[in-house]
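One letter stands for each residue in the lines below.
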Amino acid sequence: MKRYFFIILIFIAFSCKKKNEMENGCTFLVHDNPAIQLLSNQDMDTIKYLLDKNKIDYADLQFFQYSDIGFRLIRSYQYVNNLKLFTDECSFDINNSDSILGITDDRVTNIDLTNKQELSPNKVREIFFKEIGNDAVYKNNLLTIDSCVDIEFGYYNLNLHNILILKDYTTAWKVNPHNQEFPYAYINDLNGNVLDYFNGLYTK
């Protein structure tokens with residue numbers, strides 16, 4: 001009798017542990033910032049030289065691409081209130097004389113929004129996997145509800161696809177499988193709405 005009682009206790013303990021794992025999920029919270037270097041030291045030295053020469057402040061930029069394609073192309077993420085602007089990359093075109101040819105996207109220096117999170121990581125996961133469940137490509141995939149995901153908190157321009165009206169920002173989450181690019185979703189932190197979803201195949 002004692003043996004069966006011991007087996008039952010083990011089963012209950014295992015069940016509780018599994019339930020907690022499912023509730024907490026496997027979630028990696030990404031804390032990105034401009035101090036995290038994504039390029040080589042050589043590329044960063046070149047970028048800083050070029051932007052310093054053109055008197056451009058880059059304290060709130062995180063550079064993720066430097067290319068020499070007949071002109072120098074520099075691409076970066078913008079940060080405001082220590083949060084990434086998911087929808088507002090900033091790029092610089094610089095000629096071989098080290099002069100600015102153009103700057104794409106507006107520099108954003110102020111967003112009058114809190115950086116407080118409304119949705120819990122578990123809720124973000126839930127919304128993400130619900131969206132995957134509506135995706136014919138991934139709903140029968142090995143990407144299951146207990147898979148690991150990366151989530152990052154930042155700002156998203158609700159008027160992203162309408163350049164004729166003023167930008168309107170909300171706090172939002174970017175979600176994708178851990179260390180994978182696709183599928184990804186942007187989720188409005190204030191109401192849980194999916195702002196964008198892309199599975200990498202242009203098919204949903």
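For the structure itself, consult the block above.
Since the model is a prediction, treat every value here as computed from it, not as a measurement.

1. Details of unusual backbone geometry
The omega torsion of the bond from Phe182 to Pro183 falls at -10 degrees, within 30 degrees of zero and hence cis. Among the structural elements, Pro183 can be located in the loop between strand 8 (169-177) and strand 9 (184-188). We note that Asn82 has phi near 65 degrees; this positive angle belongs to a residue other than glycine. Structurally, the position occupied by Asn82 is in the loop between strand 3 (72-80) and strand 4 (83-85). In this structure Asn82 comes out as exposed when scored by relative accessible area, which is 69%. The backbone of Asp98 shows a phi angle near 70 degrees, a positive value even though the residue is not glycine. For Asp98, the location among the structural elements is in the loop between strand 5 (90-94) and strand 6 (100-104). Judged by its relative accessible area of 14%, Asp98 is buried.

2. Quick word on the side chain of Asp32
Within the fold, Asp32 resides in the loop between strand 1 (26-30) and helix 2 (41-53). Residue classification places Asp32 among the buried residues on the basis of a relative accessible area of 19%. In this structure the side chain of Asp32 is engaged in a polar contact, spanning 3.5 Å, whose partner is the side chain of Lys84. Aside from chain neighbours lying at most four places away, what touches Asp32 is Gln62, Tyr79, Lys84 and Glu152.

Here is what the cut-offs are and how they apply
- Residues numbered from 1 in each chain as written.
- Predicted model: local features only at pLDDT ≥ 70, side-chain atom pairs only at ≥ 80, totals over all residues.
- Heavy atoms only, no water.
- Helix = DSSP H or I, 4+ residues; strand = E, 2+ residues; numbered from the N terminus.
- Buried < 20%, exposed > 50% of the residue type's maximum accessible area, 1.4 Å probe, protein only.
- Polar contact = N/O pair within 3.5 Å; in protein donor to acceptor, adjacent residues only side chain to side chain.
- Contact = heavy atoms within 4.5 Å.

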